Amino acid sequence: MELRKDPITRSWVVVGHPEREKLRPDPCPLCPDTRLETQVLLDLPKQGPWQVRAYPHFRPLYRIEGDPARSAEGIYDRMTATGAHEIIVETPEHTRLLSQMTDEQIERVLDAYALRIADLKRDARFKYVTVFKNQGPESGEEWPHSHSQVTATTFVPRRILYELRSAREWFRERERCVFCDILRQEERQTKRIVDNVGDYFAFCPYASRVPYEVWLMPRTHNHQFESPSTGENRRHLANLLGRTLRRLLQASGAYHMVVHTAPNTLQTKGELSDYWRTIAGDYHWHIEILPIVETRSKSYSIKEVYFNGLLPEEAAEQLRQLDPAK
Ligand SMILES: [Zn+2]
Ligand SMILES: [Zn+2]
Ligand SMILES: [Zn+2]
(Lines give C-alpha, C1' and ligand atoms only; values in the text may rest on other atoms or scores of the structure.)
(Ligands and ions follow the chains in the order given, each with its own letter.)
Protein backbone atom coordinates (compact mmCIF):
# COMPACT_ATOMS: atom_id res chain seq x y z
CA MET A 1 0.00 0.00 0.00
CA GLU A 2 1.42 3.39 -0.96
CA LEU A 3 0.49 6.93 -1.94
CA ARG A 4 1.12 8.13 -5.47
CA LYS A 5 0.86 11.70 -6.69
CA ASP A 6 -0.76 12.56 -9.99
CA PRO A 7 1.81 15.01 -11.44
CA ILE A 8 -0.88 16.89 -13.42
CA THR A 9 -3.62 17.42 -10.82
CA ARG A 10 -1.24 17.15 -7.85
CA SER A 11 -3.72 14.88 -6.04
CA TRP A 12 -2.62 11.88 -4.02
CA VAL A 13 -4.09 8.44 -4.60
CA VAL A 14 -3.95 5.52 -2.16
CA VAL A 15 -2.97 2.54 -4.28
CA GLY A 16 -2.82 -1.11 -3.35
CA HIS A 17 -5.27 -1.10 -0.41
CA PRO A 18 -6.66 -4.63 -0.52
CA GLU A 19 -10.36 -4.88 -1.36
CA ARG A 20 -12.11 -4.96 1.98
CA GLU A 21 -13.53 -8.34 2.79
CA LYS A 22 -16.77 -7.80 4.70
CA LEU A 23 -16.27 -7.82 8.42
CA ARG A 24 -18.92 -10.07 9.93
CA PRO A 25 -21.72 -7.76 11.07
CA ASP A 26 -22.81 -10.27 13.70
CA PRO A 27 -21.94 -9.63 16.47
CA CYS A 28 -21.70 -5.91 15.69
CA PRO A 29 -18.08 -4.89 16.38
CA LEU A 30 -19.21 -1.40 17.45
CA CYS A 31 -21.62 -2.54 20.18
CA PRO A 32 -20.32 -2.01 23.74
CA ASP A 33 -20.54 -5.67 24.76
CA THR A 34 -18.43 -6.89 21.81
CA ARG A 35 -14.93 -7.57 23.08
CA LEU A 36 -12.38 -5.52 21.20
CA GLU A 37 -8.64 -6.03 21.14
CA THR A 38 -7.98 -2.36 20.68
CA GLN A 39 -6.77 0.70 22.44
CA VAL A 40 -9.45 3.26 23.27
CA LEU A 41 -8.51 6.77 22.09
CA LEU A 42 -11.40 8.71 23.59
CA ASP A 43 -14.45 8.15 25.78
CA LEU A 44 -17.14 10.76 26.33
CA PRO A 45 -18.30 11.67 28.87
CA LYS A 46 -15.04 11.35 30.81
CA GLN A 47 -16.85 9.75 33.78
CA GLY A 48 -19.30 6.88 33.78
CA PRO A 49 -20.30 4.59 30.91
CA TRP A 50 -19.26 5.90 27.49
CA GLN A 51 -21.75 7.57 25.17
CA VAL A 52 -19.23 8.27 22.40
CA ARG A 53 -16.04 6.25 21.91
CA ALA A 54 -13.10 6.51 19.49
CA TYR A 55 -10.57 3.83 18.58
CA PRO A 56 -8.30 2.88 15.67
CA HIS A 57 -10.00 1.44 12.58
CA PHE A 58 -9.84 -2.36 12.32
CA ARG A 59 -8.52 -2.21 8.75
CA PRO A 60 -6.92 1.20 8.42
CA LEU A 61 -6.26 2.96 5.13
CA TYR A 62 -3.22 4.56 6.72
CA ARG A 63 -0.77 3.26 9.31
CA ILE A 64 0.30 5.36 12.26
CA GLU A 65 3.85 3.97 12.43
CA GLY A 66 6.78 5.30 10.50
CA ASP A 67 7.76 8.33 8.54
CA PRO A 68 6.01 9.42 5.38
CA ALA A 69 9.16 8.60 3.45
CA ARG A 70 8.72 10.49 0.22
CA SER A 71 10.61 9.19 -2.74
CA ALA A 72 10.89 9.92 -6.40
CA GLU A 73 10.44 7.46 -9.22
CA GLY A 74 11.72 9.35 -12.22
CA ILE A 75 9.38 12.34 -12.54
CA TYR A 76 6.86 10.78 -10.15
CA ASP A 77 6.34 11.25 -6.42
CA ARG A 78 5.27 8.62 -3.93
CA MET A 79 5.20 8.06 -0.20
CA THR A 80 4.29 5.38 2.29
CA ALA A 81 0.68 5.38 3.47
CA THR A 82 1.47 6.85 6.87
CA GLY A 83 -1.40 8.40 8.77
CA ALA A 84 -4.22 7.57 11.15
CA HIS A 85 -7.60 6.03 10.55
CA GLU A 86 -10.09 5.93 13.42
CA ILE A 87 -13.71 5.09 14.14
CA ILE A 88 -15.92 7.29 16.30
CA VAL A 89 -18.83 5.24 17.64
CA GLU A 90 -21.57 7.83 18.10
CA THR A 91 -23.73 5.89 20.54
CA PRO A 92 -23.70 2.61 22.48
CA GLU A 93 -27.17 1.92 21.04
CA HIS A 94 -27.01 -0.31 17.97
CA THR A 95 -30.01 1.07 16.11
CA ARG A 96 -30.00 4.78 16.99
CA LEU A 97 -29.08 7.05 14.09
CA LEU A 98 -27.31 10.39 14.54
CA SER A 99 -30.48 12.09 13.31
CA GLN A 100 -32.47 10.44 16.13
CA MET A 101 -30.16 11.52 18.93
CA THR A 102 -30.80 14.29 21.45
CA ASP A 103 -29.06 17.64 20.95
CA GLU A 104 -26.89 16.79 23.96
CA GLN A 105 -25.71 13.53 22.38
CA ILE A 106 -25.12 15.14 18.96
CA GLU A 107 -23.08 17.83 20.69
CA ARG A 108 -21.03 15.07 22.34
CA VAL A 109 -20.36 13.56 18.91
CA LEU A 110 -19.24 17.00 17.64
CA ASP A 111 -17.02 17.35 20.73
CA ALA A 112 -15.44 13.99 19.89
CA TYR A 113 -14.78 15.22 16.32
CA ALA A 114 -13.07 18.35 17.69
CA LEU A 115 -11.00 16.45 20.27
CA ARG A 116 -9.75 13.88 17.76
CA ILE A 117 -8.88 16.59 15.19
CA ALA A 118 -6.99 18.62 17.81
CA ASP A 119 -5.15 15.55 19.10
CA LEU A 120 -4.07 14.34 15.64
CA LYS A 121 -2.97 17.85 14.65
CA ARG A 122 -0.37 17.69 17.43
CA ASP A 123 1.51 15.24 15.19
CA ALA A 124 3.50 17.42 12.79
CA ARG A 125 3.69 14.56 10.24
CA PHE A 126 -0.02 14.99 9.53
CA LYS A 127 -0.98 17.82 7.22
CA TYR A 128 -4.70 17.27 7.34
CA VAL A 129 -7.35 15.63 9.53
CA THR A 130 -10.66 14.66 7.90
CA VAL A 131 -13.80 13.67 9.81
CA PHE A 132 -16.49 12.09 7.71
CA LYS A 133 -19.54 9.93 7.95
CA ASN A 134 -21.27 7.56 5.55
CA GLN A 135 -24.89 6.94 6.47
CA GLY A 136 -27.04 4.32 4.76
CA PRO A 137 -26.25 1.26 2.64
CA GLU A 138 -25.89 3.30 -0.60
CA SER A 139 -23.24 5.49 1.03
CA GLY A 140 -20.75 2.65 1.50
CA GLU A 141 -21.15 2.54 5.28
CA GLU A 142 -19.25 -0.36 6.80
CA TRP A 143 -21.62 -1.14 9.69
CA PRO A 144 -25.19 -0.02 10.36
CA HIS A 145 -24.23 0.99 13.93
CA SER A 146 -23.97 4.80 13.82
CA HIS A 147 -20.34 5.89 13.49
CA SER A 148 -18.03 8.42 11.90
CA GLN A 149 -14.46 8.06 10.69
CA VAL A 150 -11.35 10.13 11.12
CA THR A 151 -8.31 10.09 8.87
CA ALA A 152 -5.06 11.98 9.37
CA THR A 153 -2.98 12.23 6.22
CA THR A 154 0.48 13.41 5.25
CA PHE A 155 -1.11 15.36 2.40
CA VAL A 156 -4.05 17.73 2.06
CA PRO A 157 -6.98 16.13 0.20
CA ARG A 158 -7.64 17.56 -3.25
CA ARG A 159 -10.99 19.21 -2.52
CA ILE A 160 -9.50 21.01 0.51
CA LEU A 161 -6.55 22.16 -1.61
CA TYR A 162 -8.97 23.70 -4.11
CA GLU A 163 -10.79 25.45 -1.27
CA LEU A 164 -7.55 26.72 0.27
CA ARG A 165 -6.26 28.08 -3.02
CA SER A 166 -9.52 29.86 -3.85
CA ALA A 167 -9.96 31.21 -0.33
CA ARG A 168 -6.42 32.60 -0.35
CA GLU A 169 -6.89 34.22 -3.78
CA TRP A 170 -10.18 35.81 -2.69
CA PHE A 171 -8.56 37.12 0.46
CA ARG A 172 -5.59 38.55 -1.45
CA GLU A 173 -7.85 40.51 -3.76
CA ARG A 174 -10.48 41.67 -1.29
CA GLU A 175 -9.10 41.09 2.22
CA ARG A 176 -12.28 39.21 2.99
CA CYS A 177 -13.17 35.58 3.62
CA VAL A 178 -15.01 34.01 0.68
CA PHE A 179 -17.11 31.86 3.03
CA CYS A 180 -18.20 34.91 5.04
CA ASP A 181 -19.10 36.64 1.75
CA ILE A 182 -21.12 33.61 0.62
CA LEU A 183 -23.07 33.46 3.87
CA ARG A 184 -23.82 37.22 3.82
CA GLN A 185 -25.23 36.95 0.32
CA GLU A 186 -27.25 33.83 1.19
CA GLU A 187 -28.68 35.65 4.21
CA ARG A 188 -29.70 38.58 1.99
CA GLN A 189 -31.19 36.42 -0.75
CA THR A 190 -32.75 33.86 1.68
CA LYS A 191 -33.89 31.52 -1.12
CA ARG A 192 -31.21 28.90 -0.52
CA ILE A 193 -31.31 29.06 3.30
CA VAL A 194 -32.83 25.93 4.81
CA ASP A 195 -32.61 26.71 8.52
CA ASN A 196 -30.80 28.72 11.16
CA VAL A 197 -30.17 28.13 14.86
CA GLY A 198 -28.28 30.79 16.83
CA ASP A 199 -25.09 31.67 14.94
CA TYR A 200 -25.29 28.65 12.59
CA PHE A 201 -26.84 28.42 9.14
CA ALA A 202 -27.84 25.51 6.91
CA PHE A 203 -28.13 26.30 3.20
CA CYS A 204 -28.02 24.66 -0.22
CA PRO A 205 -24.85 25.94 -1.94
CA TYR A 206 -25.30 27.95 -5.14
CA ALA A 207 -23.55 25.31 -7.25
CA SER A 208 -24.84 22.25 -5.38
CA ARG A 209 -23.22 19.11 -6.75
CA VAL A 210 -26.10 16.79 -5.84
CA PRO A 211 -29.80 17.29 -5.05
CA TYR A 212 -30.32 18.54 -1.46
CA GLU A 213 -26.64 19.23 -0.84
CA VAL A 214 -26.48 21.24 2.39
CA TRP A 215 -23.66 23.14 4.09
CA LEU A 216 -23.62 24.07 7.75
CA MET A 217 -21.58 27.12 8.66
CA PRO A 218 -21.14 29.50 11.60
CA ARG A 219 -21.87 33.16 10.88
CA THR A 220 -18.90 34.20 13.02
CA HIS A 221 -15.65 33.73 11.17
CA ASN A 222 -13.48 30.84 12.43
CA HIS A 223 -11.03 28.75 10.40
CA GLN A 224 -10.79 25.85 12.87
CA PHE A 225 -13.75 23.63 13.67
CA GLU A 226 -11.81 22.11 16.57
CA SER A 227 -11.31 25.43 18.40
CA PRO A 228 -14.71 27.06 18.96
CA SER A 229 -14.50 30.84 19.24
CA THR A 230 -15.52 32.43 22.53
CA GLY A 231 -19.25 32.69 22.86
CA GLU A 232 -19.84 29.90 20.36
CA ASN A 233 -22.68 27.61 21.42
CA ARG A 234 -22.16 24.16 19.97
CA ARG A 235 -25.52 23.02 21.33
CA HIS A 236 -27.02 25.24 18.64
CA LEU A 237 -24.90 23.54 15.99
CA ALA A 238 -25.97 20.13 17.33
CA ASN A 239 -29.60 21.21 17.17
CA LEU A 240 -29.22 22.51 13.60
CA LEU A 241 -27.40 19.35 12.50
CA GLY A 242 -30.14 17.13 13.97
CA ARG A 243 -32.89 19.21 12.33
CA THR A 244 -31.08 19.18 8.98
CA LEU A 245 -30.41 15.43 9.00
CA ARG A 246 -34.05 14.69 9.92
CA ARG A 247 -35.15 16.79 6.94
CA LEU A 248 -32.62 15.20 4.58
CA LEU A 249 -33.53 11.66 5.60
CA GLN A 250 -37.09 12.34 4.45
CA ALA A 251 -35.68 13.20 1.02
CA SER A 252 -33.07 10.43 0.85
CA GLY A 253 -32.07 7.42 2.95
CA ALA A 254 -28.33 7.90 2.68
CA TYR A 255 -25.75 10.64 2.77
CA HIS A 256 -22.07 11.52 3.06
CA MET A 257 -21.06 14.14 5.59
CA VAL A 258 -17.65 15.76 5.96
CA VAL A 259 -16.16 18.41 8.23
CA HIS A 260 -13.91 20.88 6.41
CA THR A 261 -11.48 22.59 8.75
CA ALA A 262 -8.10 24.30 8.32
CA PRO A 263 -5.06 22.06 7.72
CA ASN A 264 -2.38 21.41 10.29
CA THR A 265 -0.41 24.63 10.64
CA LEU A 266 2.40 22.89 12.53
CA GLN A 267 3.72 22.00 9.09
CA THR A 268 5.78 24.99 8.05
CA LYS A 269 7.75 23.37 5.27
CA GLY A 270 6.80 22.28 1.80
CA GLU A 271 4.17 23.08 -0.77
CA LEU A 272 1.67 24.51 1.70
CA SER A 273 3.85 26.81 3.77
CA ASP A 274 2.67 29.76 1.71
CA TYR A 275 -0.93 29.20 2.80
CA TRP A 276 -0.39 29.74 6.50
CA ARG A 277 0.19 33.46 6.49
CA THR A 278 -3.47 34.33 5.93
CA ILE A 279 -5.18 31.04 6.81
CA ALA A 280 -6.81 32.36 9.99
CA GLY A 281 -8.45 35.12 7.95
CA ASP A 282 -9.16 33.40 4.65
CA TYR A 283 -10.46 29.94 5.59
CA HIS A 284 -13.76 29.20 7.36
CA TRP A 285 -14.80 25.79 8.68
CA HIS A 286 -18.03 24.22 7.48
CA ILE A 287 -19.79 20.88 7.30
CA GLU A 288 -20.82 19.53 3.89
CA ILE A 289 -23.66 17.01 3.60
CA LEU A 290 -24.17 15.22 0.29
CA PRO A 291 -27.35 13.14 0.20
CA ILE A 292 -27.46 10.18 -2.14
CA VAL A 293 -30.65 10.35 -4.18
CA GLU A 294 -29.57 9.56 -7.71
CA THR A 295 -28.21 6.05 -7.95
CA ARG A 296 -28.38 6.03 -11.72
CA SER A 297 -24.78 5.95 -12.85
CA LYS A 298 -23.72 8.66 -15.24
CA SER A 299 -20.74 6.45 -16.07
CA TYR A 300 -17.60 8.36 -16.94
CA SER A 301 -18.89 11.92 -16.94
CA ILE A 302 -20.03 11.91 -13.30
CA LYS A 303 -16.42 11.77 -12.16
CA GLU A 304 -15.44 14.86 -14.09
CA VAL A 305 -18.52 17.11 -14.08
CA TYR A 306 -21.42 17.11 -11.65
CA PHE A 307 -24.93 16.87 -13.08
CA ASN A 308 -27.52 17.91 -10.55
CA GLY A 309 -31.13 17.55 -11.66
CA LEU A 310 -32.55 19.76 -8.89
CA LEU A 311 -32.10 23.53 -8.56
CA PRO A 312 -30.64 24.39 -5.13
CA GLU A 313 -33.37 27.03 -4.66
CA GLU A 314 -36.02 24.33 -5.13
CA ALA A 315 -34.13 21.91 -2.90
CA ALA A 316 -34.00 24.52 -0.12
CA GLU A 317 -37.71 25.27 -0.55
CA GLN A 318 -38.58 21.57 -0.32
CA LEU A 319 -36.37 21.05 2.71
CA ARG A 320 -37.92 24.05 4.50
CA GLN A 321 -41.36 22.43 4.06
CA LEU A 322 -40.23 19.18 5.71
CA ASP A 323 -40.78 18.71 9.43
CA PRO A 324 -37.38 18.97 11.23
CA ALA A 325 -38.82 17.14 14.24
CA LYS A 326 -39.78 14.00 12.35
ZN1 LIG B 1 -23.83 -2.32 17.14
ZN1 LIG C 1 -15.16 33.61 7.16
ZN1 LIG D 1 -15.69 22.46 1.91
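Look a little higher up for the structure.
A few points on the structure. Just so it is clear, the model here is predicted, and its values are computed rather than measured.

**Details of the layout of surface pockets**
If a probe the size of a water molecule is rolled over the atoms, the empty space left behind becomes visible. As a volume, the second largest pocket reaches approximately 450 Å³. Lining the second largest pocket are 19 residues, with R159, V178, F179, I182 and W215 positioned closest to its centre. For the lining of the second largest pocket, the secondary-structure elements that each account for two or more residues are α2 (158-174) and α3 (178-189). At six residues, the largest contribution of residues to the lining of the second largest pocket is made by α2. Per-class residue counts for the lining of the second largest pocket are 11 nonpolar, two polar and six charged.

**Description of unusual backbone geometry**
A negative phi holds for most residues other than glycine; trans holds for most peptide bonds. Cis geometry is found at the peptide bond from L44 to P45, where omega equals -5 degrees. Relative to the elements of secondary structure, P45 occurs in the loop between β3 (42-44) and β4 (52-56). At T190, a residue that is not glycine, the phi angle is positive and equals roughly 60 degrees. Within the secondary structure, T190 is located in the loop between α3 and β10 (193-197). Positioned with a positive phi, Y212 is a non-glycine residue whose angle comes to about 65 degrees.

**Description of the coordination of the zinc ion (ligand 1)**
Taken together, C28 (SG), C31 (SG), H94 (ND1) and H145 (ND1) make up the protein donors of the zinc ion (ligand 1), found 2.0 to 2.3 Å from the metal. What the four donor atoms of the zinc ion (ligand 1) show is an angle range of 103 to 120 degrees at the metal, which sorts the shape as tetrahedral. Of note, the donors binding the zinc ion (ligand 1) are all from one chain and are spaced C-x2-C-x62-H-x50-H. Taken together, the residues H94 in the loop between β7 (83-89) and α1 (103-121) and H145 in the loop between β8 (128-135) and β9 (147-153) connect sequence positions 51 residues apart.

**Looking at the pairing of strand β14 (residues 286-291)**
Where burial is concerned, most of β14 is hidden: six out of the six residues are buried. With three bridges connecting them, strand β12 (residues 214-218) and β14 associate as antiparallel partners. Bridging from a neighbouring strand, L216 pairs with I287 of β14. Relative to β14, strand β13 (residues 255-260) runs antiparallel, the two sharing six bridges. By the bridge assignment for β14, H260 is matched with H286.

**Topic: the packing of α1 against helix α4 (residues 234-251)**
Running from amino to carboxyl end, α1 crosses α4 at an angle of 105 degrees, the nearest separation of the two axes being 8 Å. Our classification of the angle between α1 and α4 gives roughly perpendicular. The residues of α4 that touch α1, namely those facing D103, E104, I106, E107 and L110, are R234, R235, L237, A238, N239, L241 and G242. Its residues placed into classes, the contact of α1 with α4 shows five nonpolar, two polar and five charged.

**Some details on the packing of α2 against α3**
Viewed as axis vectors pointing N to C, α2 and α3 meet at an angle of 80 degrees, and their least axial separation amounts to 9 Å. In terms of axis orientation, α2 runs roughly perpendicular to α3. Contacts from E163, A167, W170 and R174 in α2 reach V178, F179 and D181 in α3. Class assignment of the residues belonging to the contact of α2 with α3 gives a composition of four nonpolar, no polar and three charged.

**Thoughts on the sheet that holds β12**
An order of β3-β4-β7-β9-β8-β13-β14-β12-β11-β10 is seen for the 10 strands of this open sheet, with the pairing classed as antiparallel. Edge positions in the sheet fall to β3 and β10, since each has one partner strand and no second. Across the sheet, the mean angle from the axis of one strand to that of its neighbour is 15 degrees, orientation sign disregarded. With three bridges joining them, β3 and β4 adopt antiparallel strand pairing. Opposite L44, over in β4, you have V52 as the bridge partner. Across the sheet, α3 is in contact with β10, β11 (200-203), β12 and β14; its angle to β11 comes to roughly 75 degrees. This element, helix α7 (residues 312-321), spans β10 and β12 of the sheet and lies at about 50 degrees to β10.

**Comments concerning the coordination of the zinc ion (ligand 2)**
Octahedral metals with six donors have ideal donor angles of 90 or 180 degrees. Tetrahedral metals with four donors have an ideal donor angle of 109.5 degrees. Distances from the zinc ion (ligand 2) to its protein donors, namely C177 (SG), C180 (SG), H221 (ND1) and H284 (ND1), fall within the range 2.0 to 2.3 Å. Coordination at the zinc ion (ligand 2) is tetrahedral: its four donor atoms span angles of 105 to 113 degrees at the metal.

**Comments concerning the sheet that holds strand β2 (residues 12-15)**
Either a parallel or an antiparallel arrangement is found when strands of a sheet pair, and the pairing is made through backbone hydrogen bonds. Strand order in the open sheet made by the four strands is β2-β1-β6-β5, with antiparallel pairing throughout. Strands with a single pairing partner mark the edges of an open sheet, and in this sheet they are β2 and β5 (70-73). Along the sheet, successive strands turn relative to each other by an average axial angle of 30 degrees, direction set aside.

Cut-offs and rules
- Residues numbered from 1 in each chain as written.
- Chains lettered and ligands numbered in written order.
- Predicted model: local features only at pLDDT ≥ 70, side-chain atom pairs only at ≥ 80, totals over all residues.
- Heavy atoms only, no water.
- 1 Å grid on protein atoms, 1.4 Å probe; cavity = no way out; pocket = protein on both sides within 12 Å on 5 of 7 lines; lining within 4 Å.
- Points joined across faces, edges and corners; volume = space filled by probe spheres on them.
- Helix = DSSP H or I, 4+ residues; strand = E, 2+ residues; numbered from the N terminus.
- Nonpolar A, V, L, I, M, F, W, Y, C, P; charged D, E, K, R; others polar.
- Donors = N, O, S within 2.8 Å, 3.2 Å for Na, K, Ca; no water.
- Tetrahedral: all angles 85-135°; square planar, octahedral: opposite > 155°, others 65-115°.
- Buried < 20%, exposed > 50% of the residue type's maximum accessible area, 1.4 Å probe, protein only.
- Pairing = 2+ DSSP bridges.
- Axes fitted to C-alpha atoms, helices over the stretch in contact; angles between N-to-C directions.
- Parallel < 35°, antiparallel > 145°, perpendicular 65-115°, else oblique.
- Contact = heavy atoms within 4.5 Å.

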